[in-house]
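# Working through the structure, step by step
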Amino acid sequence: MTRRSKKIMWIVIAILAVILIGVLLSDVFDKAKNIAYSTFYEKLDSGEITSVKIDGFIWTGKAYDANGKLVETYKTIAFDGYGSADFINKLVEAGVTVKFVDPNESSIWERILPIVGVVVVALIFWAIMRSAAGGGSAAMNVGKSKANVQSNIKVRFTDVAGAEEEKEELQEVVEFLKSPKKFSNLGAKIPSGVLLVGPPGTGKTLFAKAVAGEAGVPFFSVSGSDFVEMYVGVGAKRVRDLFDLAKKNQPCIIFIDEIDAVGRRRGAGLGGGHDEREQTLNQILVQMDGFENSDGIIVMAATNREDILDPALLRPGRFDRRINVNLPDVKGREQILKVHARNKPMAADVNFKTVARITAGFSGAELANLLNEAAILAARAGKKLIGNLELYDGINKVLMGPAKRSRVVTESDKRCTAYHEAGHAILASLCEHCDPVHEVSIIPRGRAAGYTMTRPETDDNDVSYNKLVDNICMSLGGRVAEELVIKDITTGASADIQHVSEIARRMVTQWGMSDKLGLVAYDSDQPVFMGMEYGHQSRGGYSQETAAAIDAEVRRLVAEAHERAKKLLTENRSILDNMARVLVEKETIYNEEVSLLMKGASYKEVIEAMENAEESHRANPFVRVTATDKAHVIEDETEKVEETKTTEAVETVETSAEENTEDKE
Ligand code: ADP
Ligand code: MG
Ligand code: ZN
């Protein structure tokens, strides 16, 4: 049932309820006292009842006091329909007012009910007609009223804490909206669509609002999920109305929240997809193609499921700018806490640095929620200030929430991930043919517990034997670091191991890089993407012995790299320890810190350098993720089920990041 006909249903129910209550009340208000006819007669005779209403057998008599005020109403069943003429005349002569009720006259309810019936039937009929027809003028009203317009937005970038990179990227959009002419006169090309990608609660909506607030332009927002339960044609119409309205109010921002609800890959759904959704999506695409960006309209959209978006949405001229809004790091968390504590009285001994440290994995929304919970707890305890006790209880409360339970990152998890990533990063720096390390992080991202990013210095696409061998070595770094330090190994290296065996196997079977097997291709070299060839790979075409030889060669390559990785990390154990410590403390480090650490800087020196030069770490957003992501499965029930997909998820990250590098060039 559509929303609108539900509304009409309610109206009908309300009308019927009013009638029912009316009928009941009219009975309640009928306060007439039932008395015997003999008593009634006496009262008439004594002159107490001075007015009689005769409605067939039912006689109602009224008694008034000296001031003419009604004292009592009596009711009785009389002997005869309308009494005899004599009797009535006698009453009249005695000065009693006698009134007759027309026997053919219906009561007020009897007159209203048929009208009400007709109205109810008409309303129901109208509702059915409307949901069947769709479109039409009434639907236009639905469309118009749904877009939420805010023109005096108070949110500023200072309200969004900790996301400096994202702010810098969006600053460009703000400047454009402030004076579109300045840009268009110079022929500058401004992105028409900005897609904010990130997990829930990281401030995507907040960011979009802040851009409108900073630029001082109106903010038109809709949510993709609003379009889902709608009659055919209305979604598309609403999109058109929204863009028309925006064009009349430029410069402005159109914000489509949860765009994945309408922007899913077309034709992908079961049973041929969802007509209404596709029409809505098509309309968004048409509208985005339809305006020149000199118009001064920027379309922003938010999603946490970029992977399911229709590729058409991401094409140039549409959402061609993507901004990743990630979970905050320690420093970001501290700043978010401070922003949300602005109007809350905090006890003097509260240290947000400490709170930030123990809330790894919390999103901005969860941090805001934690402060709110703490404030409630303090109020309930009758305190004037929010103290540490309330904050810790607040953390627990948020942790118990449904979304969070899974993502708790304990200190020992953090340390383990830190060593794992440091292992990758150190080997990448030590191996001559590896790309330089760009960023190392232990902030959970998707299904990965941490990641190490390297970035090629040149566009050289040739992959040499040495480069591959070094790549294998570096990919094993995570596992080796765990072996050396934690003395126990985790499942966190599964994606690394997949990656390593994949490369080693292809070196042997496709690229002729094994002396033992020679320059023979044992697998057809179809353009398969890493991670996609499982399942449909036959081992046909060569003998059992060859298969065994291949396996032996693959194992040799990996074992050699493993030995080398172990040797290198053992020799550089102090660097490993320092880097892991810095990672636990700062969560994300960049190339500068990595090279400092590689030169032998101590933990303290690096932390100091970071604090002195926080600004210099503005990373280039267009980076390449190597497949060294530690696809550690985080203890989440739903993710446990999807365990087999782990590598795929990591692979997606890698691919899209690669595409991004290309976009830039
Ligand atoms: P999303 O749209 O990414 O799901 P929201 O923008 O709706 O997240 O964020 C929800 C709330 O969380 C915000 O209203 C704000 O109070 C808080 N929040 C999230 N990120 C930040 C941040 N970086 N700085 C300050 N507050 C934040
Ligand atoms: Mg949101
Ligand atoms: Zn790894």
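Just above, that's the structure.
The following paragraphs examine the structure supplied in this document.

About the cut-offs
- Residues numbered from 1 in each chain as written.
- Chains lettered and ligands numbered in written order.
- Predicted model: local features only at pLDDT ≥ 70, side-chain atom pairs only at ≥ 80, totals over all residues.
- Heavy atoms only, no water.
- Helix = DSSP H or I, 4+ residues; strand = E, 2+ residues; numbered from the N terminus.
- Buried < 20%, exposed > 50% of the residue type's maximum accessible area, 1.4 Å probe, protein only.
- Areas by Shrake-Rupley, 256 points an atom, 1.4 Å probe, with all protein chains shown as cover.
- Lys, Arg positive; Asp, Glu negative; His and termini not counted.
- Salt bridge = Lys/Arg side-chain N within 4 Å of Asp/Glu carboxyl O.
- Core = buried A, V, L, I, M, F, W, Y, C linked by side-chain atoms within 4.5 Å.
- Contact = heavy atoms within 4.5 Å.
- Pairing = 2+ DSSP bridges.
- Axes fitted to C-alpha atoms, helices over the stretch in contact; angles between N-to-C directions.
- Donors = N, O, S within 2.8 Å, 3.2 Å for Na, K, Ca; no water.
- Polar contact = N/O pair within 3.5 Å; in protein donor to acceptor, adjacent residues only side chain to side chain.
- Disulfide = S-S within 2.5 Å.
- Near = heavy atom within 4 Å.
- Phe/Tyr/Trp six-rings, centres within 6.5 Å; stacked < 30°, edge-to-face > 60°.
- Lys NZ or Arg CZ within 6 Å of the ring centre and 35° of its normal.
- Patch = residues over 30% accessible without salt bridge, like charges linked within 9 Å, V, L, I, M, F, W, Y side chains within 5 Å.
- Charge placed at Lys NZ, Arg CZ, Asp CG, Glu CD.
- Expected span 1.5 Å × (residues − 1).

### What about the overall build of the chain?
Of the regular secondary structure elements, the chain holds 24 helices and 14 strands. Looking at the chain as a whole, 46% of its 665 residues are labelled buried. Accessible surface, the chain: about 33,800 Å² in total, of which carbon and sulfur atoms supply 55%.

### Focus: the side chain of glutamate 593
Residue placement: glutamate 593 occurs in helix α21 (residues 591-598). Summary of buried charges: glutamate 593 has no salt-bridge partner, and the nearest side chain of opposite charge, lysine 586, is 9.1 Å away.

### Remarks on the nonpolar core
With 53 residues, the main nonpolar core has Ile472, Leu569, Leu576, Met579, Val582, Leu583 and Ile589 as its most contacted residues. Mapped by element, the contributors of at least two residues to this core are α16 (411-430), β12 (437-441), α17 (465-486), α18 (494-509), α19 (544-571), α20 (573-586), α21 and α22 (603-612). Residues in contact with valine 582, not counting those within four places in the same chain, are Glu587, Ile589, Leu597, Tyr603, Val606, Ile607 and Met610. Ranked by size, the runner-up nonpolar core spans 29 residues in total, among them Leu170, Phe176, Val211 and Val325.

### Considerations on the sheet that holds strand β13 (residues 451-454)
A sheet is described by the order of its strands in space; here three strands give the open sequence β13-β12-β14, paired in antiparallel fashion. Pairing within the sheet leaves two strands with one partner each, and these edge strands are β13 and β14 (588-590). Sheet twist, expressed as the mean angle between neighbouring strand axes with direction ignored, is 10 degrees. Note: β12 against β14, three bridges, orientation antiparallel. When the sheet's bridge partners are listed, valine 440 is paired in β14 with isoleucine 589. Taken strand by strand, α20 contacts β12 and β14, and its axis lies near 120 degrees from that of β14.

### Side note on the coordination of the zinc ion (ligand 3)
Distances from the zinc ion (ligand 3) to its protein donors, His420 (NE2), His424 (NE2) and Asp496 (OD), fall at 2.0 Å. Here the donor residues for the zinc ion (ligand 3) map to a single chain with the spacing H-x3-H-x71-D. A residue pair is termed long-range when its members are at least 10 positions apart, and histidine 420 in helix α16 and aspartate 496 in helix α18 qualify at 76 residues. For the pair histidine 420 and aspartate 496, a shared accessibility class is recorded, and that class is buried.

### Brief notes about the sheet that holds strand β8 (residues 219-223)
One open sheet accounts for six strands, arranged β6-β8-β9-β10-β7-β11; its pairing is mixed. Each edge of the open sheet carries a strand with a single partner, namely β6 (148-150) and β11 (321-324). Across the sheet, the mean angle separating the axes of adjacent strands is 20 degrees when strand polarity is ignored. Here strand β9 (residues 252-257) pairs with strand β10 (residues 297-303) via five bridges, running parallel.

### Describing unusual backbone geometry
The phi torsion at glutamate 258 lies on the positive side, around 45 degrees, for a residue other than glycine. Relative to the assigned elements, glutamate 258 resides in the loop between β9 and α10 (260-263). With a phi close to 70 degrees, glutamate 587 is a non-glycine residue in the positive phi region. The topology assignment puts glutamate 587 in the loop between α20 and β14. The class for glutamate 587 is buried, based on a relative accessible area of 3%.

### Topic: the environment of valine 463
Looking at the secondary structure, you find valine 463 in the loop between β13 and α17. On the basis of relative accessible area, valine 463 is assigned to the partly exposed category, the value being 46%. The sequence separation of valine 463 and histidine 433 amounts to 30 residues, and the corresponding C-alpha distance is 9.8 Å. Those residues within four positions of valine 463 in sequence are excluded, and the remaining contacts are Leu468 and Met513.

### Re the side chain of aspartate 435
Note that aspartate 435 resides in the loop between α16 and β12. Polar contacts involving the side chain of aspartate 435 include one to the side chain of lysine 467, which spans 3.3 Å.

### A word on the state of the cysteines
What the rule picks out here adds up to zero disulfides. Of the cysteine sulfurs around cysteine 431, a residue in no disulfide, the closest is that of cysteine 473, at 3.9 Å. Judged by relative accessible area, cysteine 431 falls into the buried class, the value being 3%. With no disulfide partner, cysteine 434 has as its closest neighbouring cysteine sulfur the one in cysteine 431, 4.6 Å distant.

### Regarding the site of ligand 1
Contacts to ligand 1 come from 14 residues, most closely from Gly201, Lys204, Thr205, Leu206 and His340. Interatomic distance of 3.1 Å between a backbone N/O atom of glycine 203 and an oxygen atom of ligand 1. Backbone polar atom of leucine 206 to an oxygen atom of ligand 1: 2.9 Å apart, as the coordinates give it. For ligand 1, whose accessible area on its own is 560 Å², the fraction buried by protein is 78%.

### Section: the packing of aromatic side chains
In this structure the tally under the stated criterion is five aromatic pairs. Measuring from ring centre to ring centre gives 6.5 Å for phenylalanine 40 and tryptophan 59, while their planes differ by 75 degrees; the resulting arrangement is edge-to-face. With phenylalanine 40 in helix α2 (residues 37-45) and tryptophan 59 in strand β3 (residues 58-64), the pair connects residues that are 19 residues apart, well separated along the chain. Side by side, phenylalanine 40 and tryptophan 59 carry an identical accessibility label, which is buried. Here the aromatic residues Tyr37, Phe40, Tyr41 and Trp59 are joined through ring pairs into a cluster of three or more. Residue placement shows arginine 581 over the ring face of tyrosine 603; its charged tip is 3.8 Å from the ring centre.

### Overview of a positive patch on the surface
Taken together, the side chains of Lys154, Arg156, Lys178 and Lys182 present a region of like positive charge at the surface. Structurally, the position occupied by lysine 154 is in the loop between β6 and α6 (164-178). For lysine 154, a relative accessible area of 65% translates into the label exposed.

### Comments concerning helix α9 (residues 234-248)
Along its 15 residues, α9 runs 21 Å from first to last C-alpha, staying within 8% of the 21 Å computed at 1.5 Å per residue. Residues Val234, Gly235, Ala236, Arg238, Val239, Asp241, Leu242, Phe243 and Ala246 constitute the buried set of α9.

### So, the pattern of salt bridges
For the structure shown, the criterion picks out 22 salt bridges. We note a salt bridge from lysine 237 to aspartate 241, for which the minimum N-O separation is 3.3 Å. Residue lysine 237 and its partner aspartate 241 are both found in helix α9; the two are separated by four residues, about one turn of the helix. Within the structure, one salt-bridge network assembled from shared partners comprises Arg333, Lys414 and Glu587.

### Brief notes about the pairing of β8
Residues in a regular strand point their side chains to alternate faces of the sheet. Burial analysis of β8 places five of its five residues in the buried class, which makes it a mostly covered element. Burial of the side chains of β8 extends over both faces: Phe219, Ser221 and Ser223 are buried on one face and Phe220 and Val222 on the other. As defined by bridge partners, β6 adjoins β8 across three bridges and the pair is classed as antiparallel. Looking across to β8, one finds that glutamine 150 is bridged to phenylalanine 219. Where β8 and β9 come together, five bridges link them in parallel fashion. The residue bridging serine 223 from the neighbouring strand is aspartate 257, located in β9.

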